[in-house]
Amino acid sequence: MKFAMRLTFAVCLALLATGLTTATQAAAKSAVVLPFTVNAPQSYAYLSKAVPATIQGRLNRPGVLDVRSAQGKAASQAEASKAMNSSGADYAIWGSVNVMGNDCTIEVNSVDKAGKTWSKTAQSSVSALTGTVQNLSAALGQEVFGIAGVRAPGSTAASGPRASMAPGGDIIANETGQQQVYLNPQFRYQGAGSGDGSRLRSQRLPFTMVGMAVADFNGDGKNEIALMSDNHLRIYAWDGDGKLKLLGETLVSRSNQNFSMRAIDLNRDGAMDLVVATFEGESNRPYSYFYSFKGNKFTQVSERIPYYVSVVRLPPTFTPTLVGQGWDSLKLFAPGVYTMVKAGGKYTFGTRLDLPTGATVFNIAWLPGGKAGKGDQLIMLTDDERLKVFQGNSNTLIHTTMERFSGSATGMDHYKGMPGLGVDKNYQLPSKYYAPMNMITADIGHTGEYTLLINKPISTASQIFDRYRYFPQGEIHSLYWDGVGLGLKWKTRRIRGSVAAVDLADVTNNGVLDLVVGLNTSPDLGVGSRQCMITAYPLDVSATNPNVPADMSDFEVSPN
């Protein structure tokens, strides 16, 4: 009797599990997003794929809604239905973007197998296009697919109250004696000690850091830290004890030296991929590599690409986009920066970007206009590491800083010469092009005002010797456009060590945004004995006061 009851119970459980699995599979839907039609100047041509990528990233839900991109534009419902049927999807999404001056109109449409359609149109300024596309995606998800609670980009999945921070701080927002106006207690000179949780530090690692990126690389929903040395690439996890735990390591190239590293989700699977640009020591000929770390395993997802490749957030959507540039034996960088497109399994040049002279794939970033609607501005780091600010479609130069920034120690020697005359390396000294650090633009406090985060190296010797790059100290500056130039919003107090990289992410996965800084130690015991470490500053946005002016007393007083 007992055996019969147990058998009956087991059969019921099996039937219930089978029913749940069948129901889950039946509930899963699929959709294809077609390239949008763009009616705008040529500089906005990239929106054809950037807008669908944004919609895809917002709607894709593994196991619920599988959203993938498709080739071929659709100008009508019939063409969209044809693309849907050929791809085997349940829905097709298409639309258009029309830009007229500083205003734009976005139309998003969808159709299902039964012929049921959905359409919505919105108007906004060009600078607010990203938010408009996100709102349309949320409406599409709720009204067509029944997906609610779409999370805004940059937010974390963690819930609950933010960690409380100690009063005072070491990011200098002001020095007027007012309290509770600091992002972090490590952001003013009279800041608290490191034992109050305001500054997190890892152990030292036995190599010199060339680059760093913080993101979810293995697809587990938590952020990891990617560190790049001269030839290797390593990924670590920040454990509960404040230690870096090595998850994986790979050799990028024995013959080339690593130059730059950026993160981007190439296949839209939720796990970030790494773009590593390298160069040959003798000729500086570039080769770039793409790596995936899904499942804690390094996989090279493309053949090495014979271009300088990086990632830039292009306006007006500011979606991370692959950009590439060719090599020139004399000038180092060939004229023209292009978006990278994948064709036949290989990456090639796409649309050329409208950029000023001197721009490369590494030294540019756009500062969004924000809620003030003052227009987006292009920030470019010059060869002598000053910041230039450009505005408008004609890239009009409106400001150049007196201070120098970035301060990377990774550089390429190259000899300048006249075409056809050659170079005599016995008598001519080489020039040095240093890898620009990642320039981060962010609205940290969600106030609608964007700032530029960048390293300010501090060294007396570097003012005398151009090639002295072992900066003993540095500061992370948050700069904003004040109508005249780049003003100082806040800065960290001086960080001991040579800053090698900066990022903005939740490195400890506790729901609090962190300013993450990668450091190399000074070569006191010789260059070969240098080590690196990670320090992080949790940002307490709730303690900021936007009405408090920044202290400008020690900014741009000693230009070099």
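Residues numbered from 1 in each chain as written. Predicted model: local features only at pLDDT ≥ 70, side-chain atom pairs only at ≥ 80, totals over all residues. Heavy atoms only, no water.

## Overview of the overall build of the protein chain
Working step 1: Of regular secondary structure, the protein chain possesses four helices and 36 strands.
Working step 2: Considering the protein chain as a whole, with its 560 residues, one finds that 50% of them fall into the buried category.
Working step 3: Of all intrachain contacts in the protein chain linking residues separated by at least 6 positions in sequence, the fraction that spans at least 24 positions is 51%.
Working step 4: For the protein chain, the exposed area adds up to about 26100 Å²; of that, 51% sits on carbon and sulfur atoms. (Helix = DSSP H or I, 4+ residues; strand = E, 2+ residues; numbered from the N terminus. Buried < 20%, exposed > 50% of the residue type's maximum accessible area, 1.4 Å probe, protein only. Contact = heavy atoms within 4.5 Å. Areas by Shrake-Rupley, 256 points an atom, 1.4 Å probe, with all protein chains shown as cover.)

## Overview of the sheet that holds strand 14 (residues 273–280)
Working step 1: Across the sheet, which stays open at both edges, the four strands sit in the order 13-14-15-16 with antiparallel pairing between neighbours. What marks the edges here is a single partner per strand, and that holds for strand 13 (256–264) and strand 16 (299–300).
Working step 2: Two elements, strand 13 and strand 14, share eight bridges in a ladder whose sense is antiparallel. Bridged to Asn258 within strand 14 is Thr278. (Pairing = 2+ DSSP bridges.)

## Some thoughts on the packing of helix 2 (residues 47–59) against helix 4 (residues 129–143)
Working step 1: Closest axis-to-axis distance for the helix 2/helix 4 pair is 9 Å, and the angle between their directions is 45°. Taken together, the axis directions place helix 2 and helix 4 in an arrangement best described as oblique. The way helix 2 lies across helix 4 gives a crossing that is right-handed. Judged by residue contacts, Leu47, Val51, Thr54, Ile55, Arg58 and Leu59 of helix 2 engage Leu129, Val133, Gln134, Ser137, Ala138, Leu140 and Gly141 from helix 4.
Working step 2: Considering only residue class, the contact of helix 2 with helix 4 consists of eight nonpolar, four polar and one charged. (Axes fitted to C-alpha atoms, helices over the stretch in contact; angles between N-to-C directions. Parallel < 35°, antiparallel > 145°, perpendicular 65-115°, else oblique. Left-handed = near helix turned anticlockwise from the far one by under 90°. Nonpolar A, V, L, I, M, F, W, Y, C, P; charged D, E, K, R; others polar.)

## Concerning the packing of aromatic side chains
Working step 1: Enumeration over the complete set of coordinates arrives at 14 aromatic pairs.
Working step 2: Note on Tyr338 and Phe349: the rings are 4.6 Å apart at their centroids and 10° apart in plane angle, and the pair reads as stacked. Pair noted here: Tyr338 is in strand 21 (residues 338–343) and Phe349 is in strand 22 (residues 346–352), with a separation of 11 residues, a long-range link.
Working step 3: A relative accessible area of 19% places Tyr338 in the buried class. (Phe/Tyr/Trp six-rings, centres within 6.5 Å; stacked < 30°, edge-to-face > 60°.)

## Considerations on helix 3 (residues 77–87)
Working step 1: The complete set of buried residues in helix 3 reads Ala80, Ser81, Ala83 and Met84. The arc that holds the buried residues of helix 3, viewed along the axis, is 160°, so those residues lie on one side. In helix 3, those exposed residues whose orientation departs by more than 90 degrees from the buried face are Ala78, Lys82, Asn85 and Ser86.
Working step 2: Against strand 1 (29–33), strand 4 (91–100) and strand 5 (103–112) lie the buried residues of helix 3.
Working step 3: Phi turns positive one or two residues past the end of helix 3, at Gly88, with a value near 75°. (Arc of directions from axis to C-beta.)

## Side note on the environment of Ile93
Working step 1: If you trace the backbone, Ile93 turns up in strand 4.
Working step 2: Overall, Ile93 belongs to the buried group, its relative accessible area being 0%.
Working step 3: Once the C-alpha coordinates of Ile93 and Val67 are considered, the two residues, 26 residues apart in sequence, prove to be 9.6 Å apart.
Working step 4: If we ignore the near neighbours within four places in the chain, the residues touching Ile93 are Ala31, Val32, Val33, Leu34, Leu59, Val108, Asn109, Ser110, Leu140 and Phe145.

## Quick notes on empty space enclosed by the protein
Working step 1: Scanning the model with the defined rule gives four cavities of 30 Å³ or more in all.
Working step 2: Roughly 140 Å³ of internal volume is contained in the largest cavity.
Working step 3: Along its surface, the largest cavity is lined by 16 residues, and Val210, Gly211, Arg262, Met437 and Asn438 are the ones closest to its centre.
Working step 4: Going through the elements one at a time, strand 9 (211–215), strand 13 and strand 34 (498–505) are the ones with two or more residues in the lining of the largest cavity.
Working step 5: Broken down by element, the lining of the largest cavity gets its largest block of residues, four residues, from strand 13. (1 Å grid on protein atoms, 1.4 Å probe; cavity = no way out; pocket = protein on both sides within 12 Å on 5 of 7 lines; lining within 4 Å. Points joined across faces, edges and corners; volume = space filled by probe spheres on them.)

## What about helix 4?
Working step 1: The first and last C-alpha atoms of helix 4 sit 21 Å apart over 15 residues, in line with the 21 Å expected at 1.5 Å per residue.
Working step 2: Among the 15 residues of helix 4, 11 are classified as buried, and the element is accordingly described as predominantly covered.
Working step 3: Listed in full, the buried residues belonging to helix 4 are Leu129, Thr130, Thr132, Val133, Gln134, Leu136, Ser137, Ala138, Ala139, Leu140 and Gly141.
Working step 4: Of the surrounding secondary structure, the elements contacted by the buried residues of helix 4 are helix 2, strand 4, strand 5 and strand 6 (117–125). (Expected span 1.5 Å × (residues − 1).)

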